[in-house]
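Understanding the architecture of this molecule
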Amino acid sequence: MNSKLFNKLFISNILLVAVVFLLPACNSTKHLKEGQYLLRKNKVNIKYEGKLTQKVEIKDNLNKIIVQKPNANFLGFLPFPTPTKLWLYNLRYRKLHRRPDSLLPKSVERPVILDTVYMQRSALNMKNYMFNRGYFYAKVTDTYLVKKKKAYATYTIEPGINYQINDVRYYIDDSEIARIVRKGAGGTILKKDREFTYSLTGDERNRLVNDIRNNGYYKFTQENITFIIDTVDKSIFKDAESPFKAAVDFVSAIDNKKPTLDLEVHIQLADDSAAFTKYIIKNINVYLDFVSPADLKDSSLTIKRIGKLDFWFHSQYVHPWVLYKHIYVAPGNYFNQTDYDKTQAKLTELGIFQYIRIVPREMRRNRGVLDYDILLARAKKYDFSTLYELTSGSTYALGHSIGINFRDKNFLKGANLLTIGVNGGLEYAYNSNSSEGFFRRFSWLTSYYGINASIDFPKFLAPVASSLFSNSNLPHTIIGGGRSVIDRINYFTLSNTSANFSYSWKETQSKTWGFSPAFVNIIRLPYKSYAFDTVLANNEYLKNSYKENFIEGENITYTFDNIAAKRGINHSYLKVGLEEAGALLSLVNNVVDKVNNLYSIQYAQYAKFDLDARHYFTFRKTVVAMRFLGGIGVPYDKSATLPYIKQYFSGGPYSLRGWRIRTLGPGTYFNPNTGGATQIDRTGDIKLELNSELRFPITLLFSGAIKMNGAVFADAGNIWLAKKDPAYPGGNFEFKNLGQDVAADIGLGVRFDIASFLTLRADLAMPVKKPEVAINNGWVFDQVNFNNPTWRSQNLIMNISIGYPF
């Protein structure tokens, strides 16, 4: 395509986009009657002298409770109006305007006409919301401005002064419950001098109920707890213009202190006289393969007793002893809500049941006694999955692969997860200069295949004593192994045989540990062509990287993830890993000699540290996601470099998206004369990377089954060598050169979330800072030329992948 034609098409597309966005704004009021105004925008203003605590959260929540919302924009986060659905409705007005709302297509929307009754209701909602946050005298005014039949609503909130907690007093009708409350007083939510909100009373009520139920009070509920706000003059809650308010404001202004309130917590019987009765557990019956309620009376079921628990089954689907270790309720113990919830969670996490129900039953003639029926319905034991992928990369033009996975979720009837996976693929090069037909221009470049298997045991196996950890820590032991082969046609063949033995457990809901006391990799190169040998002979770093290696080591990882605790809002993720290889073998010389003689290869010696830190800033319509990756690997003693499979790389859909995978670095090193079968991956010993994304919704497709989301992103980072190498000038890490060495890209992306199950992602990126460019510190904004097809082919990188980058 020539430059002039491209310019015409480019300008035409820009004009088309402009028309799409401007037409809705011009045509949106076309069918409104006299006196009707299209609601175009709601605005919330908060007038507050000084610093308002959690102002952003308050403003977002106030926006959410506005009753009448404007027509939805195509890009909801943009400031300018693009009510595309309204525009489509107006285009088909004659056909659609008489239809009821229930029969309107999902792709259209009627105009939202300003209704002052809804504005008044919204103002009342806001006043109530502010009251619940402790701003008892908040004022809310609603106004609107009309421009060309379009209305712009404004809600102005004057919060006033909110109250702080002074004193909390408890009034409890039962001495034993009073003792429980006093014992747990240190965990109270209602702290002195804390700003009062009604949500605090809800949190405190939940805490108290949980503490009391954990001490046997099975029938105790939230209805047994009430809160009373105690102030000097209770009439202030009824009369916003109370003289007391003026007095409080005057005193607060003098002392620069907020007014305070006292709280009374009343714990009483309410309607259920059994709320103050402690319940003890007598019998527990576990039904391993529950089918229907008839099983509860089926005398033909087999029964097996372990400890004080009775296990009933038609056939032994799973060893009862496995379940026994995951059941925390026990006969002879008082009812405990935490044990009940933990039993439900741990049995679910075994993954072998379709559903789990724990049914407490009161003994009719024996008050204060419970029996438990634990009903476990069998899930499907086996499952198969396949995955087929089409890909393209820097070293090949077309690739396709297939993977087949088999899972036995109850291997050996021990709730052990057996996974076997096989995969394989082919990659092809494309010769654009060939005179052959299109398909004949492709040539076979690489083939790869592999098989992996693992068994995940829901417990700790020797040599770790199970007594060191509670079952509540979700202990797992994983044993795995596999073999993979990469065959670069007529260049080299590389095989990797691996085995591992590892443990994992949860310290808390947010903290997870993994420890592998032993892993092994055997790297072999059974075939090397003369051309490949020549490359290695002239490059010491590559020669050491592609050396046959025996790797034996150990690693430990710590993961923190509070997405559940934060309910997906403003959450963080941190993963830290340490890995070492070779130390054990170097200490046992006779073992080393046997290994070297057996495999005729050297063992690797290195230490690695990896860090992955992320934070997600959540706003009303957008999310800002940020990630920092860091890693360093240090070879020592007999090893000059890290083994190839342990080295770092950069570029690709999950890294710097302005570069193809494994084509960036190390450092400022750049060699444009590589490609095809002779392309060698760019790897390094050190990696630093920073990624950021602004994520936003675009629209819903197919009645909401597919969510179309967008992203604007920027990536920066690189890889480096730990030591200087003449084959890679500028490739080693030096802090003084960091500003020049860092690469950067920017781009746009679109993501299709399909039924909250699968995410397809397309990211278009371009480099804006190239380390190899010496001038302007590597920044290349002045080289950007969308009109130039050569520039586009070399700089616009499309990444198509599955899932989010981080």
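Just above sits the structure.
Described below are features of the structure shown in this document. (Residues numbered from 1 in each chain as written. Predicted model: local features only at pLDDT ≥ 70, side-chain atom pairs only at ≥ 80, totals over all residues. Heavy atoms only, no water.)

Attention now moves to the pairing of strand β20 (residues 572–581). Relative to β20, strand β19 (residues 549–561) is paired through nine bridges, and the arrangement is antiparallel. Bridge pairing in β20 places Tyr 558 opposite Val 576. Pairing between β20 and strand β22 (residues 606–618): 10 bridges, direction antiparallel. For Tyr 573, the partnering residue across the bridge sits in β22 and is Arg 614. (Pairing = 2+ DSSP bridges. Helix = DSSP H or I, 4+ residues; strand = E, 2+ residues; numbered from the N terminus.)

We now examine the side chain of Asn 71. Its location among the elements puts Asn 71 in the loop between α2 (55–64) and α3 (84–91). Exposure remark for Asn 71: the relative accessible area of 3% places this residue in the buried category. Polar side-chain contacts of Asn 71 include one of 2.7 Å to the backbone oxygen of Arg 110. Separated by 3.1 Å, the side chain of Asn 71 and the backbone nitrogen of Val 112 make a polar contact. Every residue in contact with Asn 71, bar those within four places of it in the chain, is listed here: Leu 38, Leu 39, Arg 40, Pro 83, Leu 86, Glu 109, Arg 110, Pro 111 and Val 112. (Buried < 20%, exposed > 50% of the residue type's maximum accessible area, 1.4 Å probe, protein only. Polar contact = N/O pair within 3.5 Å; in protein donor to acceptor, adjacent residues only side chain to side chain. Contact = heavy atoms within 4.5 Å.)

Further remarks concern the nonpolar core. With 30 residues, the main nonpolar core has Val 286, Leu 323 and Leu 376 as its most contacted residues. Within the residue set of this core, elements represented by two or more residues are β7 (280–287), β9 (309–313), α9 (320–324), α10 (337–349), β10 (353–362) and β11 (369–378). The dominant element in this core, judged by the number of residues it contributes, is β11, at four residues. Every residue in contact with Leu 376, bar those within four places of it in the chain, is listed here: Val 286, Tyr 287, Leu 288, Asp 289, Phe 290, Leu 323, Leu 347, Phe 353, Tyr 355 and Ile 356. Core analysis: the next-biggest nonpolar cluster, separate from the first, contains 25 residues, Val 168, Val 209, Tyr 217 and Ile 225 among them. (Core = buried A, V, L, I, M, F, W, Y, C linked by side-chain atoms within 4.5 Å.)

Attention shifts here to the pairing of strand β17 (residues 492–506). Pairing of strand β16 (residues 476–488) with β17, which is carried by 13 bridges, proceeds in the antiparallel orientation. Directly across from Val 485, in β17, lies its bridge partner Ser 495. Where β16 folds back onto β17 in an antiparallel hairpin, the turn is made up of three residues, including Asn 490, whose phi is positive at roughly 60°. The pairing of β17 with strand β18 (residues 511–528) spans 13 bridges and is antiparallel. Counterpart to Ser 504 in the pairing with β18 is Gly 514. Where β17 folds back on β18, the antiparallel hairpin that results is connected by four residues.

Moving on, we get to helix α6 (residues 175–183). Taken as a whole, α6 has its buried residues at Ile 177, Ala 178, Ile 180 and Val 181. Buried residues in α6, looked at end-on, bunch into an arc of 160°, giving them a common side. Those residues of α6 that are exposed and aimed more than 90 degrees away from the buried face are Ser 175, Arg 182 and Lys 183. Looking at the buried side of α6, the elements it contacts are β4 (164–172), α7 (198–213) and β6 (260–267). The N-terminus of α6 is capped by Asp 174, whose side-chain oxygen sits 3.0 Å from the backbone nitrogen of Glu 176. (Arc of directions from axis to C-beta.)

The next thing to look at is the packing of α6 against α7. Contact geometry for α6 and α7: axes closest at 10 Å, N-to-C directions at 120°. Regarding the angle of α6 to α7, the classification is oblique. Where α6 crosses over α7, the handedness of that crossing is right-handed. From α6, Ile 177, Ile 180 and Val 181 reach across to α7, where they touch Leu 208, Asp 211 and Ile 212. (Axes fitted to C-alpha atoms, helices over the stretch in contact; angles between N-to-C directions. Parallel < 35°, antiparallel > 145°, perpendicular 65-115°, else oblique. Left-handed = near helix turned anticlockwise from the far one by under 90°.)

Take the sheet that holds β11 next. Taken together, five strands build an open sheet; the order of strands is β8-β9-β7-β11-β10 and the sheet is mixed. If you trace the sheet from one side to the other, it starts and ends with β8 (302–306) and β10, each paired once. Taken over all neighbouring pairs, the strand axes of this sheet differ in orientation by 20° on average, direction set aside. As paired elements, β7 and β11 share seven bridges and run parallel to each other. Paired with Tyr 287 across the strands is Leu 375, a residue of β11. Along the sheet, α10 makes contact with β10 and β11, crossing β10 at roughly 160°.

Now for the pattern of salt bridges. Counted by the stated rule, this structure contains 28 salt bridges. Between Asp 262 and Arg 169 there is a salt bridge, with the nearest N and O atoms lying 3.7 Å from each other. On the criterion of sequence distance, the pair formed by Asp 262 in strand β6 and Arg 169 in strand β4 is long-range, its members being 93 residues apart. One salt bridge in this structure joins Glu 548 and Arg 524, with 3.4 Å as the shortest N-O distance. Taken together, the residues span a long stretch of sequence, with Glu 548 in the loop between α12 (540–545) and β19 and Arg 524 in strand β18 at a distance of 24 residues. Residue Arg 524 is classed as partly exposed on the basis of its relative accessible area, which comes to 31%. One salt-bridge network, held together by shared partners, links Arg 657, Glu 693, Arg 695, Asp 715, Arg 751, Arg 761 and Asp 763. (Salt bridge = Lys/Arg side-chain N within 4 Å of Asp/Glu carboxyl O.)

Don't take any of this as a statement about function, it's just geometry.
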